[in-house]
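Notes for the structure review
Spelled out from the first residue to the last, the chains are:
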Amino acid sequence: MVRFFSYLPALVPAAIVVAIVIELLKASNLTAFPGFFGSNWDYTASPPQWGIGVFVVGSFLTALPAIILAILIGLGIGIASTTYLPKLATRFLDPFVDLLAGIPSVVYGIWGFVVVGPYLGLTLNPWVAQHLGFLPGFSGARILQTGQGLPLAVILLTLMALPITTLLIRDALHSVPKDLWESGLALGATRWEVMRRVAIPYSHRGILSAGFLGFGRAFGETVAVAMVIGSVASFPTSVFDTTDTMSAIIFQNSDAALVTPGLLEALAEIALLLLAISLIVNILGRRLISSLLTEQISGL
Amino acid sequence: MSSPAPAADGTVLSVQHLSVVAKEKKILSDVSLEFPPRSLTAVVGPSGCGKTTFVRTLNRMSELTPGIRVEGSVLYLGQDIYGRGVNPVLVRRRIGMVFQRPTVFPMSIFENAAFGLRIVHEAEDAVDSAVTEALQRSGLWDEVKDDLDRSALSLSGGQQQRLCIARALAVRPKVLLLDEPTSALDPAATQRVEATMERLSEEIVMVLVTHNVGQAARVSDRVAFLHSGHLVEVGPTDDILERPKDPLTQQFITGRFG
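The structure presented is a predicted model; accordingly, all values stated were derived computationally and were not measured.

All right, on to the overall build of chain A then. Tallying secondary structure elements over chain A gives 11 helices and two strands in all. Moving toward the C terminus, one meets the helices and strands of chain A in the order α-β-β-α-α-α-α-α-α-α-α-α-α. Across its three principal axes, chain A shows a C-alpha extent of roughly 75 × 70 × 30 Å.

Looking now at helix α1 (residues 2-28) of chain A. Residue and element names in this part refer to chain A. Helix length check: α1, at 27 residues, gives a terminal C-alpha distance of 39 Å against a target of 39 Å (1.5 Å per residue), a fit within 8%. Within α1, the axis deviates most sharply at L11, by approximately 45 degrees, and proline P13 lies no more than four positions further along. Burial within α1 is sparse, with just zero of its 27 residues counted as buried. Just downstream of α1 lies N29, where phi reads positive at about 60 degrees.

With that out of the way, let us pick up the packing of helix α3 (residues 109-118) of chain B against helix α6 (residues 157-169) of chain B. Residue and element names in this part refer to chain B. Look at α3 against α6: their axes get within 6 Å of each other, and the N-to-C directions meet at 35 degrees. Residues I109, N112, A113, F115 and G116 of α3 form the contact with α6, whose own contacting residues are L163, A166 and R167. Each residue belonging to the contact of α3 with α6 can be placed in one class, and the counts come to five nonpolar, two polar and one charged.

What follows covers the sheet that holds strand β1 (residues 13-22) of chain B. All names here are of chain B. Pairing is antiparallel across the open sheet formed by four strands, whose spatial order is β2-β1-β4-β5. Each having just a single partner strand, β2 (25-35) and β5 (79-80) make up the two edges of the open sheet. As judged from the seven bridges shared by β1 and β2, these two strands associate in the antiparallel manner. Considered in β2, the bridge of V15 is made with L33.

Residues and elements named next belong to chain A. Interaxial distance between helix α2 (residues 53-84) and helix α5 (residues 150-174) falls to 6 Å at its minimum, and their mutual angle equals 40 degrees. Relative to α5, the element α2 is oriented oblique. Considering only the axes of α2 and α5, their crossing is right-handed. Of the residues belonging to the contact of α2 with α5, the class tally is 20 nonpolar, nine polar and one charged.

So, on to the pairing of strand β10 (residues 230-236) of chain B. With six bridges connecting them, strand β9 (residues 222-227) of chain B and β10(B) associate as antiparallel partners. Following the sheet pairing, H227(B) is matched in β10(B) by H230(B).

This paragraph deals with unusual backbone geometry. Residue P47(A) follows S46(A) across a cis peptide bond; omega there is 0 degrees. For P47(A), the location among the structural elements is in the loop between β1 (41-42) and β2 (49-50). The phi angle at R38(B) is positive, at roughly 45 degrees, despite the residue not being glycine. Note on R38(B): 14 C-beta atoms within 10 Å, which makes it partly exposed.

Residue and element names in this part refer to chain B. Spatially, six strands are ordered β6-β7-β8-β3-β9-β10 in an open sheet, and the strand pairing comes out mixed. Each edge of the open sheet is held by one strand with a lone partner, namely β6 (95-98) and β10. Shown here is a sheet whose adjacent strand axes are inclined to one another by a mean of 15 degrees, direction ignored. Across five bridges, the pairing between strand β7 (residues 175-179) and strand β8 (residues 205-209) is parallel. Note on β8: the bridge partner recorded for L178 is L208. Along the sheet, α6 makes contact with β6 and β7, crossing β6 at roughly 170 degrees. Contacting β3 (39-44), β7 and β8, helix α7 (residues 187-200) crosses the sheet at an angle of about 145 degrees to β8.

Before going further, it helps to spend a moment on the environment of P13(A). Residues and elements named next belong to chain A. Take P13: it is sitting in helix α1. By C-beta crowding, P13 is classed as exposed, having 9 other C-beta atoms within 10 Å. Spatially, the C-alpha atoms of P13 and W50 are 33 Å apart, while their sequence positions differ by 37 residues.

Now for the interface of chain A and chain B. With 15 residues of chain A at the interface, the matching set in chain B holds 22 residues. For the side of chain A that touches chain B, the elements supplying multiple residues, two or more each, are α6 (178-186) and α7 (191-202) of chain A. The biggest single contributor to the side of chain A that touches chain B is α6(A), with six residues. For the side of chain A that touches chain B, a count of residues per class yields nine nonpolar, three polar and three charged.

Bringing the environment of L264(A) into the picture now. All names here are of chain A. Within the secondary structure, L264 sits in helix α11 (residues 263-297). Owing to 19 C-beta atoms within 10 Å, L264 belongs among the partly exposed residues under this scheme. The sequence separation of L264 and D244 amounts to 20 residues, and the corresponding C-alpha distance is 18 Å. The contacts of L264, once residues within four sequence positions are left out, are A27 and A257.

Among the nonpolar cores identified, the biggest contains 149 residues, and L156(A), L157(A), V43(B), A170(B) and L208(B) are the most heavily contacted of them. Those residues in contact with L156(A), other than ones at most four positions away along the chain, are Y108(A), G109(A), G112(A), A224(A) and V228(A).

Turning our eyes to something else, we now look at the environment of F105(B). Counting through the fold element by element, F105(B) comes out in the loop between β6 and α3. Looking at F105(B), the number of C-beta atoms within 10 Å reads 24, which means it is buried. Residues F105(B) and A224(B), spaced 119 residues apart in sequence, show a C-alpha to C-alpha distance of 32 Å. Beyond its immediate stretch of four places on either side in the chain, F105(B) contacts L180(A), V198(A), N112(B), F115(B) and A152(B).

Turning our attention to the pairing of β7(B). Residues and elements named next belong to chain B. Burial of β7 is extensive: five of the five residues sit out of reach of the surface. Burial of β7 is two-sided: the residues V175, L177 and D179 facing one way and the residues L176 and L178 facing the other way are all buried. As judged from the four bridges shared by β6 and β7, these two strands associate in the parallel manner. What sits directly across from I95, in β7, is V175. Running through α7, the crossover from β7 to the neighbouring parallel element β8 is right-handed.

About the criteria used
Residue positions are given per chain, counted from 1 along the sequence in the order it is written. Going through the entries in the order they are written, you letter the chains from A and number the ligands from 1. Local features in this predicted model are restricted to residues whose pLDDT is 70 or higher, and side-chain atom pairs enter the listing and the counts only when it is 80 or higher, whereas totals over whole chains, interfaces and linings include all residues. Secondary structure elements follow DSSP: runs of H or I of four or more residues count as helices, runs of E of two or more count as strands, with numbering from the N terminus. Expected helix span is computed as 1.5 Å times (number of residues minus one). Fitting axes to the seven residues ending at a residue and to the seven starting there, one defines the bend at that residue as the angle between these axes. With C-beta atoms placed from the backbone, a residue is buried if 20 or more other C-beta atoms are within 10 Å of its own, exposed if 12 or fewer are, and partly exposed between those counts. Working convention: axes come from line fits to C-alpha atoms, limited for helices to the stretch in contact. Angles between N-to-C directions cover 0 to 180 degrees. Contact between two residues is assigned when their C-beta atoms, built from the backbone, lie within 7 Å. Residue type decides the class: Asp, Glu, Lys and Arg count as charged, Ala, Val, Leu, Ile, Met, Phe, Trp, Tyr, Cys and Pro as nonpolar, and the leftover types, Gly among them, as polar. The pairing criterion is simple: DSSP has to find at least two bridges between the two strands. Any angle that is under 35 degrees is reported as roughly parallel, and any over 145 degrees as roughly antiparallel; angles of 65 to 115 degrees are reported as roughly perpendicular and all others as oblique. By convention, the crossing between two helices is left-handed when the near helix turns anticlockwise from the far helix through less than a right angle, and right-handed when the turn is clockwise. Any nonpolar core is a set of buried residues, restricted to Ala, Val, Leu, Ile, Met, Phe, Trp, Tyr and Cys, that join up through C-beta atoms within 7 Å. Place the viewer so that the strands point away; then a crossover is right-handed whenever the path from the first strand over the helix to the second strand goes clockwise.

This is the structure we're talking about:
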């Protein structure tokens with residue numbers, strides 16, 4: 001009997017996932033919206049338009065550049081902290097990465113809206129548009145003075161994906177055996193050559209898993225993005241343009257969903273799609289990590 | 001590092017009054033030792049006698065350990081590798097090293113052997129021939145020649161260690177340091193690595209650290225016995241192992257401590 005009850009807490013996480021999926025399915029009423037994956041979203045029109053394509057594209061357009069930037073910065077930090085920085089500096093600087101993870105996303109949002117946004121809108125974006133105007137996507141762009149749009153959202157998401165990405169990359173690089181390092185150096189390679197040719201290839205799966213988990217973080221992020229993305233249900237026409245994401249559209253319309261026929265169902269279906277993509281990405285990331293651990297334990 | 005003419009007596013590597021201090025503790029005290037061309041010197045001694053530290057000072061790997069101070073000099077072809085302005089990276093390209101456990105890199109067999117050549121941007125056909133030659137010299141060629149593109153991690157432990165020897169040989173060093181290279185291998189694999197070492201000792205200078213007197217007897221032509229950081233005696237293998245002058249050596253080779 002005791003044993004039976006002791007199973008219950010262990011079932012909680014699985015039960016939550018199942019309950020969320022079931023409730024979302026119920027809320028969606030399994031409604032088949034015409035043109036759901038199309039680009040036309042306007043629930044005030046008659047008949048209402050339920051195309052969520054813009055939001056799917058918007059989510060990827062913000063999360064993908066963010067995770068690429070986060071991996072590059074995370075690699076830079078990981079390489080510096082495992083190889084070049086003196087131990088003392090590492091011990092002092094490393095905790096700041098963890099600290100970043102503790103900043104609530106609404107704080108990033110307000111900082112982005114009040115500080116970074118105006119700088120982008122008034123200074124950086126116009127400068128970039130002027131100097132890279134010859135490139136497609138940079139010329140003739142509409143630039144909001146508030147700075148709202150893709151670049152601001154990407155900057156905030158990069159910062160938010162950075163802690164988990166950096167942590168995992170740093171761990172991956174730290175797990176490269178000392179022997180392997182020394183063998184590279186004993187062959188007359190510089191530290192950078194060993195890093196590039198041995199340590200990074202050795203830890204490539206850890207780096208990849210950092211990418212997946214960081215992407216999951218950026219993809220699902222809501223509040224900060226909703227504050228800075230501009231909330232316009234149309235495809236961006238330039239790199240500076242406003243658009244909207246899956247998570248942000250749910251957040252912004254949850255009140256309206258109570259009084260708008262069909263909206264609740266549509267948002268529930270967007271949420272299911274968001275959940276599915278996030279779960280897949282997370283599972284991929286975690287599987288990479290666990291395969292990595294078994295390999296390390298078995299001594300490769 | 002430039003390549004001065006070899007010392008007049010043909011000595012490739014010469015250690016003079018070498019002392020190593022780590023955290024106020026003396027690990028090696030005033031060791032002087034010559035390594036003639038085409039020889040295999042076994043450095044033996046009980047655990048903690050400083051033999052691994054000793055061999056790591058010979059290509060400046062020791063300085064990767066923080067807090068280590070090296071005094072005295074190590075002359076490679078007459079030039080002090082601890083001299084002013086000598087780049088340790090260039091020292092290590094001339095004086096190769098093989099470690100206790102096989103340390104193949106996560107890449108193909110070919111690329112492992114080619115590693116040292118790639119970092120000096122050797123031309124492709126030169127890489128090809130150097131890799132082939134190195135794999136032949138290490139005694140691995142016949143086993144791997146048909147699948148050089150296979151991951152090196154798929155090789156057995158003994159094969160991996162011979163690949164590590166090949167990798168060190170590919171840059172054609174005049175000196176090869178081996179730090180207990182068979183301690184992680186089974187007897188059959190050990191035998192093959194020993195055969196490789198014996199063959200190579202007819203070509204280059206080999207310095208083998210081993211705790212195994214039997215191995216020293218099988219492959220070396222000279223034995224240096226270290227005890228508590230002091231070089232107790234050095235001489236031809238037969239002399240040291242059969243007629244040791246020092247009672248400490250006598251005790252060690254008869255297995256009374258170790």
